[in-house]
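Chain by chain, the residues run as shown.
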Amino acid sequence: MQTDLHSEEFWKQESQQDMEVILSVTGKDNEQIIVTLSEIINRFNGRLQASRFNRIDKTFNGLFYISLNLAYFGPFRACLESLNSNRLHFEFSPAESRSANDDFERDRINFEIEIYGLKDSALNTEILSVLSENQLVIDEFSRKRYICERGNNAYKAHLQVSTDFILDIDEVERELQLVAEKLDIHLAVTFDDDELQEAI
């Protein structure tokens with residue numbers, strides 16, 4: 001039996017922990033949809049556990065496995081639903097089991113990106129744009145404040161990104177490094193060579 005996101009039982013069960021939902025998105029003619037979703041998830045302190053995204057010509061569809069604090073779910077949902085139109089549609093459903101996460105992770109190339117020297121906790125839109133343009137989806141995102149060499153507060157971020165597409169990782173890294181140089185931050189990309197070759 002499917003769980004109702006509005007039912008009292010569901011809210012009671014989830015009230016003591018982060019809730020997990022699956023967000024489905026369909027639409028067309030929206031090149032920046034991944035950037036938009038990433039920014040909104042980040043704004044509400046959510047975590048993207050896994051994702052699956054496909055684009056054919058101008059039409060796209062995706063599934064996003066998201067966890068976030070229960071207190072933020074209402075505003076988060078309202079924010080996304082306010083974007084619904086004849087070209088973009090969001091739907092929510094509860095994540096019934098962790099097995100859903102396993103299905104998302106098959107046959108994907110995974111990368112890790114470390115960023116140092118961010119001025120604030122938010123991820124720069126220029127970086128999100130490079131990831132989106134290369135069909136890379138953020139699966140995990142964490143950040144931490146630290147004191148940089150200049151004695152100022154700064155943030156470091158760790159991203160795990162993945163894709164179903166074949167791509168030139170060296171070219172992606174060059175694009176990211178150009179953005180990092182422009183923003184005066186430090187960035188490093190790491191990946192598993194064996195996994196990359198197997199996926200290709």
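Residues numbered from 1 in each chain as written. Predicted model: local features only at pLDDT ≥ 70, side-chain atom pairs only at ≥ 80, totals over all residues. Heavy atoms only, no water.

Participant: Can you tell me about the overall build of the chain, naming the residues and giving the values?
Facilitator: A tally of regular secondary structure across the chain gives 7 helices and 8 strands. The long-range share in the chain, meaning contacts at least 24 apart out of those at least 6 apart in sequence, stands at 73%. (Helix = DSSP H or I, 4+ residues; strand = E, 2+ residues; numbered from the N terminus. Contact = heavy atoms within 4.5 Å.)

Participant: Give me helix α3 (residues 70-81): which residues, what numbers.
Facilitator: Taking 1.5 Å of rise per residue, 12 residues should cover 16 Å, and α3 covers 17 Å from first to last C-alpha, within 8% of that figure. All of the buried residues in α3 are L70, F73, F76, R77, C79 and L80. Buried positions in α3, seen along its axis, are confined to an arc of 160° and lie on one side of it. For α3, the side-chain oxygen to backbone nitrogen distance between the N-cap and A71 is 2.9 Å, and the N-cap itself is N69. (Expected span 1.5 Å × (residues − 1). Buried < 20%, exposed > 50% of the residue type's maximum accessible area, 1.4 Å probe, protein only. Arc of directions from axis to C-beta. Polar contact = N/O pair within 3.5 Å; in protein donor to acceptor, adjacent residues only side chain to side chain.)

Participant: Outline the environment of R87, listing residues and values.
Facilitator: Inspection of the secondary structure assignment puts R87 in the loop between α3 and β4 (88-94). The spacing of R87 and K28 is 59 residues in sequence and 5.5 Å in space, taken between C-alpha atoms.

Participant: Before we move on, can you summarise the pairing of strand β7 (residues 153-163) with the specific residues and values?
Facilitator: With respect to burial, β7 is a largely interior element, 8 of its 11 residues being buried. Pairing of strand β5 (residues 109-118) with β7, which is carried by 9 bridges, proceeds in the antiparallel orientation. Counted as the bridge partner of N110 is S162 from β7. Looking at chain direction, strand β6 (residues 137-147) and β7 are connected through 10 bridges and run antiparallel. Within the sheet, the bridge partner assigned to I138 lies in β7 and is V161. Once β6 ends, the chain turns through 5 residues before running back antiparallel as β7, passing G151 with a positive phi of about 85°. (Pairing = 2+ DSSP bridges.)

Participant: Tell me about the packing of aromatic side chains, residues and numbers included.
Facilitator: Going through the model one piece at a time under the given rule, you end up with 4 aromatic pairs. Both rings, one in F44 and one in F76, keep their centres 5.9 Å apart while their planes meet at 75°; by these two values the pair is edge-to-face. Taken together, the residues F44 in the loop between α2 (33-43) and β2 (47-56) and F76 in helix α3 connect sequence positions 32 residues apart. What makes F44 buried here is its relative accessible area of 12%. (Phe/Tyr/Trp six-rings, centres within 6.5 Å; stacked < 30°, edge-to-face > 60°.)

Participant: Got a sec to walk through the environment of I138? Specific residues and values, please.
Facilitator: Structurally, I138 is set in strand β6. Setting aside residues no more than four positions away along its own chain, I138 makes contact with S38, L48, L123, L128, L131, L159, Q160 and V161.

Participant: Could you give me a rundown of the environment of N110, with the residues and numbers involved?
Facilitator: With respect to the secondary-structure elements, N110 resides in strand β5. Separated by 29 residues in the primary sequence, N110 and D139 place their C-alpha atoms 9.0 Å from one another.

Participant: Give a detailed account of the pattern of salt bridges, specifying residues and quantitative values.
Facilitator: Inspection of every chain in the model, using the stated rule, returns 3 salt bridges. Its salt-bridge partner being D18, residue R47 comes within 3.0 Å of it at the nearest N-O pair. Of this pair, R47 sits in strand β2 while D18 sits in the loop between α1 (8-14) and β1 (19-28), placing them 29 residues apart in sequence. The partly exposed category is assigned to D18, whose relative accessible area is 31%. With a closest N to O distance of 2.8 Å, R174 and E171 form a salt bridge. On the criterion of helical spacing, the pair formed by R174 and E171 is a turn pair, its members being 3 residues apart in helix α6 (residues 169-183). (Salt bridge = Lys/Arg side-chain N within 4 Å of Asp/Glu carboxyl O.)

Participant: Go over the packing of α2 against α3 with me, naming the residues and quoting the values.
Facilitator: In the contact formed by α2 and α3, the axes pass within 10 Å of each other and the chain directions differ by 160°. As far as their axial angle goes, α3 and α2 are roughly antiparallel. Crossing geometry of α2 relative to α3 is assigned as right-handed. On α3, the residues that touch L37, I40, I41 and R43 of α2 are F76, C79 and L80. Broken down by class, the residue content of the contact of α2 with α3 amounts to 6 nonpolar, no polar and 1 charged. (Axes fitted to C-alpha atoms, helices over the stretch in contact; angles between N-to-C directions. Parallel < 35°, antiparallel > 145°, perpendicular 65-115°, else oblique. Left-handed = near helix turned anticlockwise from the far one by under 90°. Nonpolar A, V, L, I, M, F, W, Y, C, P; charged D, E, K, R; others polar.)

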